[in-house]
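What the coordinates show
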Amino acid sequence: AKLHIPIAHVEAGLRSFNKNMPEEINRILTDHCSQWLFCPTQIAIDNLNKEGISSENIYLTGDIMYDSALYFAKKAENQSCILDKLKIISKEYILATIHRAENTDDPDRIRNIVNGLISVGGDVDLVLPLHPRTKIVLESLEMLEDLANAVQLIEPVGYLDMVMLEKNAKLIVTDSGGVQKEAFFYEVPCVTLRDETEWVELVDAGWNTLLKPVSKESVKNGILNQLGKKGQSISPYGTGDCANKILSLLNV
């Protein structure tokens, strides 16, 4: 910005309103020094307007991740063999991911999450690609073996395999921002192990449920209560043509 090079911000206007998240500071700073602000939702536009950013620079383009989800879903169907490899059946397992620092760096939260997943694993097949940071924490807390005995722990997977696991899960449990949206794109209900989310429209529509991990029981019950539930029919992220809209606005 100080070199007067124009900046375009894709996914502008997102806010968790939690400045302890490193992404939150980056979002705010980038939004305030960008010439083009490409917003995925109307809520993102509203956030920018509240911060006094000129509406002349704000564009509702839809979400670039929706473009990606539509494109790679077809590739994943043709190229991924992850379900056969893991010997799991479509819509008969829960997919879980845990990696965010607010969970892994808090011993009480990670214990509650893991003990809750162990309890769920006794009732439902659960697949957990294990993030390296999470693995280190669980080893230090001496919880890794108990978790491995209750759920199917696997190494981190590539994007196409992850798409297949998401598409075919009956429920997704995560603390990832991106996985929350991908769950919605593939019409899979989601439980988010966080205190807040940037994607509030998915909570409002019933596709996503925020679950603060205050105890093993709260995690287990929160997950099991969401099995079989679907949200409202909504289309908050556009029609899958975000990239073309951005190119057109940039006159590329």
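Going by the structure above, here's the rest.
It should be emphasised that the depicted structure is a prediction, and the values quoted were computed from it without experimental measurement.

The rules behind these values
Residues numbered from 1 in each chain as written. Predicted model: local features only at pLDDT ≥ 70, side-chain atom pairs only at ≥ 80, totals over all residues. Heavy atoms only, no water. Salt bridge = Lys/Arg side-chain N within 4 Å of Asp/Glu carboxyl O. Helix = DSSP H or I, 4+ residues; strand = E, 2+ residues; numbered from the N terminus. Buried < 20%, exposed > 50% of the residue type's maximum accessible area, 1.4 Å probe, protein only. Lys, Arg positive; Asp, Glu negative; His and termini not counted. Contact = heavy atoms within 4.5 Å. Disulfide = S-S within 2.5 Å.

To continue, consider the pattern of salt bridges. Per the counting criterion, the structure on display carries 13 salt bridges. K181 serves as the salt-bridge partner of E11, at 2.8 Å between the closest nitrogen and oxygen. With E11 in the loop between strand 1 (8–10) and helix 1 (22–32) and K181 in helix 10 (residues 177–185), this residue pair connects regions lying 170 residues apart in the sequence. With relative accessibility at 0%, the residue K181 sits in the buried group. In this structure, E24 and R27 form a salt bridge, with 2.9 Å as the shortest nitrogen-oxygen distance. Of the two residues, E24 and R27 are both situated in helix 1; the distance of three residues between them amounts to about one turn of the helix. Note on E24: relative accessible area 2%, which makes it buried. R27 gets classed as buried once you look at its relative accessible area, which sits at 15%. One salt-bridge network, held together by shared partners, links E24, R27, R194 and E198.

What follows deals with the side chain of E201. Looking at where E201 falls in the secondary structure, it is placed in helix 11 (residues 200–204). Buried and without a salt bridge, E201 has K181 as its closest oppositely charged side chain, separated by 7.6 Å. If sequence neighbours within four positions are ignored, E201 has contacts with T41, I43, I234, P236 and Y237.

With that settled, the discussion passes to the state of the cysteines. Under the defined criterion, the tally for this structure stands at zero disulfides. C39 supplies the cysteine sulfur nearest to C33, a cysteine that is in no disulfide, at a spacing of 14 Å. Here C39 is not cross-linked by a disulfide; its sulfur's nearest cysteine counterpart is in C242, at 10 Å. On the accessibility criterion, C39 (0% relative accessible area) is buried.

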